[in-house]
Amino acid sequence: MSIFGKLSFKDQAFKLREQAVLDATTTLLASKGFDLMTMDDVASEAGISKPSLYKHFKSKEDLATEVMIRLLDGALDYLKQLDPAQGGKAQLASLLEWALRVRLQGGLPFLPSASQNVKAMLTRSLRYMTRVYKLHKQLQGMVEQAKAAGEMRKDLPTDAILYAYYARTCDPAVDYMKDYSRYSDDDIVRYMRTLFLDGVA
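Here we summarise the structure given alongside this text. (Residues numbered from 1 in each chain as written. Predicted model: local features only at pLDDT ≥ 70, side-chain atom pairs only at ≥ 80, totals over all residues. Heavy atoms only, no water.)

## A closer look at the overall build of the protein
Then comes step 1: Each helix and strand counted, the protein has 10 helices and zero strands in total.
Then comes step 2: Going residue by residue from the N terminus, the α and β elements of the protein occur as α-α-α-α-α-α-α-α-α-α.
Then comes step 3: For the C-alpha atoms alone, the extent of the protein along its principal axes is close to 55 × 40 × 30 Å.
Then comes step 4: Taking all 201 residues of the protein together, the buried fraction comes to 38%.
Then comes step 5: A separation threshold of at least 6 residues defines the contact pool for the protein, and within that pool the share at least 24 residues apart is 62%.
Then comes step 6: By element, 54% of the accessible surface of the protein is carried by carbon and sulfur atoms, the whole surface being about 11500 Å².
Then comes step 7: Here the protein contributes 28 positive and 25 negative side-chain charges, whose respective centroids are spaced 4 Å apart. (Helix = DSSP H or I, 4+ residues; strand = E, 2+ residues; numbered from the N terminus. Buried < 20%, exposed > 50% of the residue type's maximum accessible area, 1.4 Å probe, protein only. Contact = heavy atoms within 4.5 Å. Areas by Shrake-Rupley, 256 points an atom, 1.4 Å probe, with all protein chains shown as cover. Lys, Arg positive; Asp, Glu negative; His and termini not counted. Charge placed at Lys NZ, Arg CZ, Asp CG, Glu CD.)

As structure tokens, then:
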């Protein structure tokens, strides 16, 4: 049973409206960025009044942080569904595909790399940092597993591989392929997976 099944109708409506607000915030962060986004923008995009918005979130800082927490929860939930028997490289490839598809659908704002102020805002959130640490540790294990299996180069530091991996999710090449080469989403995901995991050698 989902969490909504345990709530009253009023609480379910509140939660659904909250998800709509987060969806609207994600869209605006992807299109306008954190600095230009306003609470008025969010209320308008979500189709609710500004007073109603403030019943859910007190500031755009709270909104942006919650969007990133929801994104990390999505990644962690996705990892839970993967079969560990696939091996480290296959699991990393699967999560990269998930992240790229989320981005191509407008659900991946580039907040952590947007500015020092945004980084500081996010690092003040214990809920956000706990999830970042948990995800990073799981991915570290996958890289180490892939190295041990001879699927990844052992001479490259694990953290260097992971930072390059994270960068692929916000690589501008995705936008260029989407806007100028007219590739399908499936093509873009396949090419980005190949470029990261196999290189061009």
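## What to know about the packing of aromatic side chains
Two numbers describe a pair of aromatic rings. These are the distance of the centres and the angle of the planes.
Then comes step 1: Tallied over the full model, the rule gives six aromatic pairs.
Then comes step 2: Members of the aromatic cluster, joined through ring pairs, are Tyr163, Tyr165, Tyr166 and Phe196.
Then comes step 3: The ring of Phe34 is capped by Lys60, whose NZ or CZ atom sits 4.5 Å from the centre of that ring. (Phe/Tyr/Trp six-rings, centres within 6.5 Å; stacked < 30°, edge-to-face > 60°. Lys NZ or Arg CZ within 6 Å of the ring centre and 35° of its normal.)

## What about helix H10 (residues 185–197)?
Then comes step 1: Between the first and last C-alpha of H10 there are 18 Å, a value that for 13 residues agrees with the 18 Å anticipated at 1.5 Å per step.
Then comes step 2: Turning to H10, its buried residues number three or more, namely Asp187, Ile188, Val189, Met192, Phe196 and Leu197.
Then comes step 3: Packing partners of the buried residues in H10 comprise helix H5 (88–104), helix H8 (158–168) and helix H9 (172–179).
Then comes step 4: Of the residues one or two after H10, Gly199 is the one with positive phi, at around 75 degrees. (Expected span 1.5 Å × (residues − 1).)

## Here we look at unusual backbone geometry
Keep in mind that most residues, glycine aside, have a negative phi and that most peptide bonds are trans.
Then comes step 1: Unlike most non-glycine residues, Arg182 shows phi in positive territory, near 60 degrees.
Then comes step 2: With respect to the element layout, Arg182 can be found in the loop between H9 and H10.

## Here's the deal with the pattern of salt bridges
Then comes step 1: Following the criterion strictly, the structure yields 16 salt bridges and no others.
Then comes step 2: For Glu18, the salt bridge identified is with Lys15, shortest N-O distance 3.8 Å. Of this pair, Glu18 and Lys15 are both found in helix H1 (residues 9–31), three residues apart, which corresponds to roughly one turn of the helix.
Then comes step 3: Glu18 gets classed as buried once you look at its relative accessible area, which sits at 15%. (Salt bridge = Lys/Arg side-chain N within 4 Å of Asp/Glu carboxyl O.)

## Brief notes about the nonpolar core
Then comes step 1: One finds Leu53, Leu63, Leu135 and Leu139 to be the most contacted residues of the largest nonpolar core, which totals 51 residues.
Then comes step 2: Ranked by residue count, the leading element in this core is helix H4 (residues 60–80), at 10 residues.
Then comes step 3: Those residues in contact with Leu135 that sit more than four places away from it in its chain are Leu72, Ala75, Leu76, Leu79 and Leu95. (Core = buried A, V, L, I, M, F, W, Y, C linked by side-chain atoms within 4.5 Å.)

## Overview of the environment of Arg17
Then comes step 1: Mapped onto the secondary structure, Arg17 falls in helix H1.
Then comes step 2: For Arg17, a relative accessible area of 31% corresponds to the partly exposed category.
Then comes step 3: Taking the C-alpha atoms as reference points, Arg17 and His56, 39 residues apart in sequence, are found 8.8 Å from one another.
Then comes step 4: Once you skip the residues sitting within four places of it in the chain, Arg17 turns out to touch Ile48 and His56.
Then comes step 5: A polar side-chain atom of Arg17 sits 3.1 Å from a polar atom in the side chain of His56. (Polar contact = N/O pair within 3.5 Å; in protein donor to acceptor, adjacent residues only side chain to side chain.)

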